[in-house]
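# Tertiary structure, described
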Amino acid sequence: MLNKFIAILALVSLTWACNSTKTTTVTRTETTILDSDDFRSQAPGAAQARPIELGQFQTATLDNGLQLIVVEDDALPRVSYRLFVDVPAHLEGEYAGTAQLAGQMFRRATETKTKAELDEAIDFLGASLSIGSTGGTARGLSRHKDNLMALMAETILKVQFPEEELDIVRAEAKAGLQQTLVTPAGIADRVQSRLWYGEEHPFGEMVTEESYDAIGVEQIQSYYDTYFVPNRSYLVMVGDLTMEEARLLANRYFGNWTPKEVAEPEFNKPERPRGRRISFVHRPGSVQSIIRVGHPVNLSPGDPNTLAARLVGSVLGSPFNGRLFKNLREDKGYTYGAYGSIRANEEVGNMLAYADVRTEVTDSAVTEFLTELEKMTTDLAQEDELARGRSQINGQLAQAMESPETISLYALNTVRYGLSEDHYETLGSRADDISTTELLRTAQQYIKPDELHILVVGDKSIADKLIPFASDGEIHFYDANGQVVEMVEPEAAGDITAEQVLNDYVEALGGQDKLAEVQRLKMVMGGNVQGMTMVQTSYKADNDKFSSITEAMGMVLSDQRYNDGKAKMSVQGQSAPIDETMVSAFREQAIIFPEAKIEDYSEYSVEAGEVIDGEATYAVSREDDGISQTEYYSRETGLKLRSVVVEMGQTQTFDYGDYREVDGIKFPFSFSLSGMAPFPIEMEVSEVEVNGDIDPAVFEVE
């Protein structure tokens, strides 16, 4: 029963290992030891705020409307450039994702250079250059300021969009989307955007595989031609150059950029829900719930309330010191961290509180979220809370000023949003002037505890416990794309036993006698995993021999074998250690049809399973050595549709489909695995051979 699909899991682990790198950074910190014996029990006080000096910046406007911003700083022989294109918020419709793909297409080719030649030119200067859907940044030594600006201008103004490069970018985007759709936090992000802003607002528009497939070079070119115009753009230069030099560079390389008008669509401002609305995305077997609580707010970056709102968010949800963190982590132990913020945006801001909690405490965690949000609007903040918020703002600003890119961003924001020239330099002193009374007033303006979206991504077994929080007394279910899902409650399992369900499955495959005739089995499956085409060939014989070979790019990635109590495994030609747990798992994997070999059904339980792709199921469960596995069998056909394995707090979901008959026995020809790696694994069977000849050498373990 507890068939762990070792071959597939090894493939996932190997793929994840091949696509992941681990970086460790060691930071040396000088510490002054206090004379007091109990200094460790005292939290250090906040240091006096360092003065923030953005530096005087100068502005100019080119004849074509390009706005130039220059911050002179000759402390180091370096320059930093930022070109920002103010692309208005807009809907992309059937071509959702065009801006994203367009951003990835820059630096792939220009009128005179290939991607490799661009990379070589940038490396030759010892510089960095990054371009995206709203412009880009470049950084290098000041002696290369002219050549660096020339490269930046060429990459943006003479960009080309080769079809073959778009194919690569599209495939990468689709792989990323697949990863998002199996990642709880990714699902929460998508559904939150759709629910809070609506599908008629750009923030609520979702990309899909179909929308990516619909995007061609024509759509990419149209995006570029429509929005990349100088009269909606800003060129910021920071570093070792003068205003005169900057103006000459800007005119030389961007002066011939042709201006044109760009339409600015208008959208209704997203509103808070009327009352508390509970939205739920079901993830079978999930041991954690992702909780997102909040609503849109009407707060733009230039709003005078922005600073006070930022302080409110800090008191509520900053790491380690915020009220949510202290409550849900330190006091209740529900989560590793709980956070919150109030963020401004030129279109629409938001108030958000969030945490990942254990499934069994989901409703209790929601209670604490609501309690803390309510207290923010009724109780004055403590002076020490406000002091920590002020210190945090000053610390972030001081750190940010060490980066030329951040300085250029602050200068850009100052001009773009019409802020005062000393906006950032006086941020700390203005934060000091905000009182607890003003903080309470701001919280009351931007936090509405009775008008909230409460989104939970987790196992629906706890959904009913959230009904008391809903103003309408309902739980609204959605899929990972934010589409409404009608959760059909399964009929009770009745008096059926696990033995009956499993025997029905055996009969659905072909019957006990037919399965007993199978002494040898070969299966070949393949799929595209993170851009690599993989083929896996597995062999089983006599219910005590197993072999699985996974290949990609002309090489053997893994070779696993089991033969009558002995096992071995190699990864990319290197022998891998095998312990008794793995030997036991390989032994189980060697059984051709595990359900046909069960003799003791006492450890199995059966209950009504969820509806899968419209089919009612029975759920048969068992726990063994800390591993919990539930198999879902169709009530109509008896076939297995899904397996959910929970081990060490991690949930893996296997889906089976496309059953076909081979020599009188039904085999699933499609497999899907999610939850083990940060991307889904889709495999299709290309060959099944029953009782054919198998070379004994594939089972050798010596």
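Keep in mind it's a predicted model, so treat the numbers as computed, not measured. (Residues numbered from 1 in each chain as written. Predicted model: local features only at pLDDT ≥ 70, side-chain atom pairs only at ≥ 80, totals over all residues. Heavy atoms only, no water.)

## Concerning the overall build of the protein chain
Along the protein chain, the regular secondary structure elements total 19 helices and 25 strands. By principal-axis analysis of the C-alpha atoms, the protein chain measures approximately 90 × 65 × 60 Å. Once local pairs closer than 6 in sequence are excluded, the contacts in the protein chain between residues at least 24 apart make up 69%. Summed over all atoms, the accessible surface of the protein chain reaches about 33800 Å², with 45% contributed by carbon and sulfur. When the 62 positive and 113 negative side-chain charges of the protein chain are each reduced to one mean point, those points stand 4 Å apart. (Helix = DSSP H or I, 4+ residues; strand = E, 2+ residues; numbered from the N terminus. Contact = heavy atoms within 4.5 Å. Areas by Shrake-Rupley, 256 points an atom, 1.4 Å probe, with all protein chains shown as cover. Lys, Arg positive; Asp, Glu negative; His and termini not counted. Charge placed at Lys NZ, Arg CZ, Asp CG, Glu CD.)

## A few points about helix H17 (residues 498-509)
With 12 residues, H17 extends 17 Å between its outermost C-alpha atoms, agreeing within 8% with the 16 Å of an ideal straight helix rising 1.5 Å per residue. Of the residues making up H17, those classed as buried are Ala 498, Val 501, Leu 502, Tyr 505, Val 506, Ala 508 and Leu 509. Looking straight down H17, one finds its buried side chains confined to an arc of 160 degrees; they lie on one side. Two residues or fewer after H17 comes Gly 510, characterised by a positive phi angle close to 155 degrees. (Expected span 1.5 Å × (residues − 1). Buried < 20%, exposed > 50% of the residue type's maximum accessible area, 1.4 Å probe, protein only. Arc of directions from axis to C-beta.)

## A closer look at the nonpolar core
Residues Leu 68, Tyr 81, Leu 83, Leu 235 and Met 237 are the most contacted members of the largest nonpolar core, which totals 55 residues. A total of six residues in this core trace back to one element, the largest contributor, which is helix H4 (residues 145-157). If we ignore the near neighbours within four places in the chain, the residues touching Met 237 are Leu 68, Ile 69, Val 70, Val 71, Ser 80, Tyr 81, Met 149, Ala 246, Leu 249 and Ala 250. Counting residues in hydrophobic clusters, the runner-up holds 53 residues, among them Val 315, Leu 316, Val 366 and Phe 369. (Core = buried A, V, L, I, M, F, W, Y, C linked by side-chain atoms within 4.5 Å.)

## With respect to the pattern of salt bridges
Within the structure shown, the criterion is met by 33 salt bridges. We note a salt bridge from Asp 86 to Arg 416, for which the minimum N-O separation is 3.4 Å. Remark: Arg 416 occurs in helix H14 (residues 404-416) and Asp 86 occurs in the loop between strand E3 (78-85) and helix H2 (98-105); sequence separation between them is 330 residues. We note a salt bridge from Glu 346 to Arg 416, for which the minimum N-O separation is 2.9 Å. Here Glu 346, found in the loop between strand E9 (338-343) and strand E10 (349-358), pairs with Arg 416, found in helix H14; they are 70 residues apart in sequence, far enough to count as distant. What emerges from the salt-bridge pattern is a single network uniting Asp 86, Arg 232, Glu 264, Glu 346 and Arg 416. (Salt bridge = Lys/Arg side-chain N within 4 Å of Asp/Glu carboxyl O.)

## Brief notes about the packing of aromatic side chains
One pass over the full model with this rule turns up 20 aromatic pairs. Judged by centre distance (6.4 Å) and plane angle (35 degrees), the ring pair of Phe 84 and Tyr 234 falls under tilted. Of this pair, Phe 84 sits in strand E3 while Tyr 234 sits in strand E6 (residues 233-239), and the two are 150 residues apart along the sequence. We classify Phe 84 as buried; its relative accessible area is 15%. Grouped by ring-pair contacts, the aromatic residues Phe 106, Phe 161, Tyr 223, Tyr 224, Tyr 227 and Phe 228 constitute a single cluster. (Phe/Tyr/Trp six-rings, centres within 6.5 Å; stacked < 30°, edge-to-face > 60°.)

## Things to note about the environment of Val 698
Among the structural elements, Val 698 can be located in the segment after strand E25 (681-690). With 138 residues separating them along the chain, Val 698 and Gln 560 place their C-alpha atoms 9.5 Å apart. With residues near it in sequence (within four places) discarded, Val 698 still touches Tyr 539, Ser 547 and Arg 561.

## Things to note about the sheet that holds strand E11 (residues 453-458)
The mixed open sheet is built from six strands, whose spatial order is E9-E10-E8-E11-E7-E12. The sheet is open, and its two edges are formed by E9 and strand E12 (475-478), each paired on a single side. Adjacent strand axes in the sheet meet at a mean angle of 20 degrees when their direction is disregarded. Summarising the sheet, E9 and E10 pair through six bridges and their orientation is antiparallel. Residue pairing for E10: Gly 340 is matched across the bridge by Ala 353. Relative to E9, helix H11 (residues 323-331) is tilted by about 160 degrees, and along the sheet it contacts E9 and E10. (Pairing = 2+ DSSP bridges. Axes fitted to C-alpha atoms, helices over the stretch in contact; angles between N-to-C directions.)

## Describing unusual backbone geometry
If you check the backbone angles, Asp 613 has positive phi at about 50 degrees while not being a glycine. Along the chain, Asp 613 falls in the loop between strand E19 (605-612) and strand E20 (615-624). For Asp 613, a relative accessible area of 77% translates into the label exposed. Even without glycine at this site, Asn 691 takes up a positive phi of about 60 degrees.

## Focus on the confidence of the model for the protein chain
In the predicted model, the protein chain carries a mean pLDDT of 88, and the fraction of residues at 70 or more is 91%. Segment residues 1-36 is flagged for pLDDT under 50; beyond a separation of four residues in sequence, or across chains, it makes 61 contacts in the model. (pLDDT = per-residue confidence, 0-100.)

## Things to note about the side chain of Ser 286
Relative to the assigned elements, Ser 286 resides in the loop between strand E7 (277-282) and strand E8 (288-297). Of the residues examined, Ser 286 reaches a relative accessible area of 10% and is grouped as buried. Excluding anything up to four places from it in sequence, Ser 286 contacts Thr 359, Gly 458, Asp 459 and Thr 651.

## What about the sheet that holds E6?
Pairing within the open sheet is mixed, and its six strands lie in the order E1-E2-E6-E3-E5-E4. Since the sheet does not close on itself, it has two edges, and those belong to strand E1 (57-61) and strand E4 (128-132), each with one partner. Within this sheet the neighbouring strands show an average axis-to-axis angle of 10 degrees, counted without direction. Lying over the sheet, helix H9 (residues 243-254) contacts E1, strand E2 (67-72), E3 and E6, oriented at roughly 145 degrees with respect to E2.

## A short note on the pairing of strand E23 (residues 650-662)
Both strand E22 (residues 640-647) and E23 contribute to a ladder of six bridges, which runs antiparallel. Bridged to Arg 642 within E23 is Asp 655. Counting the residues between successive antiparallel strands, the hairpin from E22 to E23 contains two residues, one of them, Met 648, with a positive phi of roughly 55 degrees. With nine bridges connecting them, E23 and strand E24 (residues 665-674) associate as antiparallel partners. In the sheet register, Arg 660 faces E24, and the bridge partner there is Phe 667. Hairpin connection between E23 and E24: a loop of two residues separates the two successive antiparallel strands, and Asp 663 in this loop has a positive phi of roughly 55 degrees.

## As for the packing of helix H10 (residues 306-317) against helix H16 (residues 436-446)
Close contact between H10 and H16 brings their axes to 9 Å; oriented N to C, the two are set at 90 degrees. In this view, H10 runs roughly perpendicular relative to H16, as classed from their interaxial angle. Facing H10, whose interface residues are Ala 308, Ala 309, Leu 311, Val 312 and Val 315, H16 presents Glu 438, Leu 439, Thr 442, Ala 443 and Tyr 446. In the contact of H10 with H16, the residues fall into eight nonpolar, one polar and one charged. (Parallel < 35°, antiparallel > 145°, perpendicular 65-115°, else oblique. Nonpolar A, V, L, I, M, F, W, Y, C, P; charged D, E, K, R; others polar.)

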